[in-house]
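The primary structure of each chain is shown beneath.
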Amino acid sequence: MANAASGMAVLDECKLKFLELKAKRNYRFIVFKIENNEVVVEKLGSPEETYENFTASLPANECRYAVFDFDFTTNENCQKSKIFFIAWAPDTSKVREKMVYASSKDRFKRELDGIQVELQATDPSEMSFDIIKARAI
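Described in the following lines is the structure provided in the data block. What you see is a predicted model, and the numbers here were worked out from it, not measured in a lab.

## Comments concerning the packing of aromatic side chains
Aromatic rings considered in pairs are described by the distance between their centres and by the relative angle of their planes. Summed over the entire model, instances satisfying the criterion amount to 14 aromatic pairs. Between the aromatic rings of Tyr51 and Phe54, the centroid separation amounts to 5.6 Å while the plane-to-plane angle is 50°, which identifies the pairing as tilted. One end of the pair, Tyr51, and the other, Phe54, are both in helix α2 (residues 51-56), three residues apart, so they sit about a helical turn from each other. Accessibility assignment for this pair places Tyr51 and Phe54 in one class, buried.

## Details of the state of the cysteines
Following the criterion strictly, the structure yields zero disulfides and no others. With no disulfide of its own, Cys14 has Cys63 as its nearest cysteine by sulfur position, at a separation of 16 Å. By relative accessible area, which is 0% here, Cys14 ends up buried. On the accessibility criterion, Cys63 (0% relative accessible area) is buried.

## Some details on the sheet that holds strand β3 (residues 38-45)
As summarised here, the arrangement of the six strands in space is β1-β3-β2-β4-β5-β6, forming an open sheet in which the pairing is mixed. Across the chains shown, the open sheet's two edge strands, defined by having one partner strand only, are β1 (9-10) and β6 (117-121). Across two bridges, β1 lies against β3 in parallel orientation. In the strand pairing of β3, Val10 is matched with Val39. Together, β1, β2 (29-35), β3, β4 (64-73), β5 (79-88) and β6 form the strand contacts of helix α3 (residues 95-111), whose direction differs from that of β4 by roughly 55°.

## Quick word on the nonpolar core
Among the nonpolar cores identified, the biggest contains 20 residues, and Phe32, Val39, Tyr65, Val67 and Phe108 are the most heavily contacted of them. Contributions of two or more residues to this core are made by α1 (12-24), β2, β3, β4, β5 and α3. Residues in contact with Phe108, not counting those within four places in the same chain, are Val10, Cys14, Phe32, Val39, Tyr65 and Phe85. Residues Phe70, Phe72, Leu119 and Ile132 belong to the second largest nonpolar core, which totals 18 residues.

## Topic: the side chain of Ser93
Mapped onto the elements of the fold, Ser93 is located in the loop between β5 and α3. On the basis of relative accessible area, Ser93 is assigned to the buried category, the value being 6%. At a separation of 2.7 Å, a polar atom in the side chain of Ser93 contacts the main-chain carbonyl oxygen of Pro90.

Cut-offs and rules
Residues numbered from 1 in each chain as written. Predicted model: local features only at pLDDT ≥ 70, side-chain atom pairs only at ≥ 80, totals over all residues. Heavy atoms only, no water. Phe/Tyr/Trp six-rings, centres within 6.5 Å; stacked < 30°, edge-to-face > 60°. Helix = DSSP H or I, 4+ residues; strand = E, 2+ residues; numbered from the N terminus. Buried < 20%, exposed > 50% of the residue type's maximum accessible area, 1.4 Å probe, protein only. Disulfide = S-S within 2.5 Å. Pairing = 2+ DSSP bridges. Contact = heavy atoms within 4.5 Å. Axes fitted to C-alpha atoms, helices over the stretch in contact; angles between N-to-C directions. Core = buried A, V, L, I, M, F, W, Y, C linked by side-chain atoms within 4.5 Å. Polar contact = N/O pair within 3.5 Å; in protein donor to acceptor, adjacent residues only side chain to side chain.

Right, dumping it as structure tokens:
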């Protein structure tokens, strides 16, 4: 369970909640944080919540991982959905924290089978709604 490179464990709850987001669409987003060398679920966004609710739930000065289920309409008027993995590492977060999140990201992402788009952001402008929409299409 623990990663030899970073020593990070991923709690089963993280994988189970992600499967519920992917298969049952119980959540719009999930925010994960590293706590005591484990990746844990910090916040679950209900299906009614918006992208603005999601971005507001990310702390301004701390790193997080997050998944967001983005619904959109294509140019051909088809309803689609893509699951984004977002690595949030604001410039104002501590250097050590950024290093821990960066070194654990790939292993954690592998645990979440079904990620379609990955995005790394250090500033809210790097994950604006327009950028998410452009990456989805």
